[in-house]
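Structural characterization, general
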Amino acid sequence: MVSNGLPLIPDLSAFPRPVRYVAVALLAGVPIAVVLVVLIGFANSPTAALDAIVVDAPTSDAEVYPLSSFDGESPVRQVVEAALQARSASVQTTTERLQSADVPIDKFYVRHDGRVVRVAVRR
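Residues numbered from 1 in each chain as written. Predicted model: local features only at pLDDT ≥ 70, side-chain atom pairs only at ≥ 80, totals over all residues. Heavy atoms only, no water.

Some remarks on the packing of aromatic side chains
The condition that has to hold: Pairing of aromatic rings covers Phe, Tyr and Trp, the last through its six-membered ring, and needs centres within 6.5 Å; plane angles under 30 degrees mean stacked, over 60 mean edge-to-face, and all others mean tilted. Each helix corresponds to a stretch of at least 4 residues labelled H or I by DSSP, and each strand to a stretch of at least 2 residues labelled E; elements are numbered beginning at the N terminus. Summary of the burial criterion: residues with accessible area below 20% of their type's maximum are buried, those above 50% are exposed, and those between are partly exposed, where the area comes from a 1.4 Å probe applied to protein chains only.
Applying the stated rule across the entire model yields 3 aromatic pairs. Ring centres of Tyr-65 and Phe-108 lie 5.8 Å apart, and the angle between their planes is 85°; this geometry places the pair in the edge-to-face category. With Tyr-65 in strand β2 (residues 64-66) and Phe-108 in strand β4 (residues 107-112), the pair connects residues that are 43 residues apart, well separated along the chain. Its relative accessible area of 1% is what places Phe-108 among the buried residues. Among the aromatic side chains, those forming a connected cluster through ring pairs are Tyr-65, Phe-70 and Phe-108.

In structure tokens form, the structure reads like this:
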């Protein structure tokens, strides 16, 4: 008989019932706990709000950005497009998404087709 040198793993039924319950609980519980921690982390991410309102003109010292400088998934673009249709709008987002969208400052203006929208960030 040829042995491959691998140790044999006993069947779970070879262990007493309390040990089996603990082993099964660990095998099932650890992945579930990891998934719960990840979901709780997503749910607890800090939020921010973007408020936008259409204005006649920006203030003289204000920073004005073209709408094209924000990509299609940007919360800034979403709130500006909504404000252009309804005169004002607000969008909730996470601070991570806001940072990844390269939002320049907490108050700025966005210009599109000759119209100006004032955007304020509430963190």
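Here we look at the pattern of salt bridges
As a reminder of what qualifies: Salt bridge criterion: a side-chain nitrogen from Lys or Arg within 4 Å of a carboxyl oxygen from Asp or Glu.
All chains considered together, the criterion is met by 3 salt bridges. A salt bridge links Arg-77 to Glu-81, with the shortest nitrogen-to-oxygen separation between them at 3.1 Å. Of this pair, Arg-77 and Glu-81 both sit in helix α2 (residues 75-86), 4 residues apart, roughly one helical turn. Across the pair Arg-123 and Asp-106 runs a salt bridge whose closest N-O atoms are separated by 3.2 Å. Highlighted residues: Arg-123 in the segment after β5 (115-122) and Asp-106 in the loop between α3 (95-100) and β4, separated in sequence by 17 residues.

As for unusual backbone geometry
Trans is the common state for peptide bonds, and a negative phi is the common state for residues other than glycine. Located in the positive-phi region is Arg-87, a residue other than glycine, with phi close to 75°. Inspection of the secondary structure assignment puts Arg-87 in the loop between α2 and β3 (88-94). One non-glycine residue, Asp-113, lies in the positive phi region at around 50°. Tracing the chain through its elements places Asp-113 in the loop between β4 and β5. Residue class for Asp-113 comes out exposed when judged on its relative accessible area of 68%.

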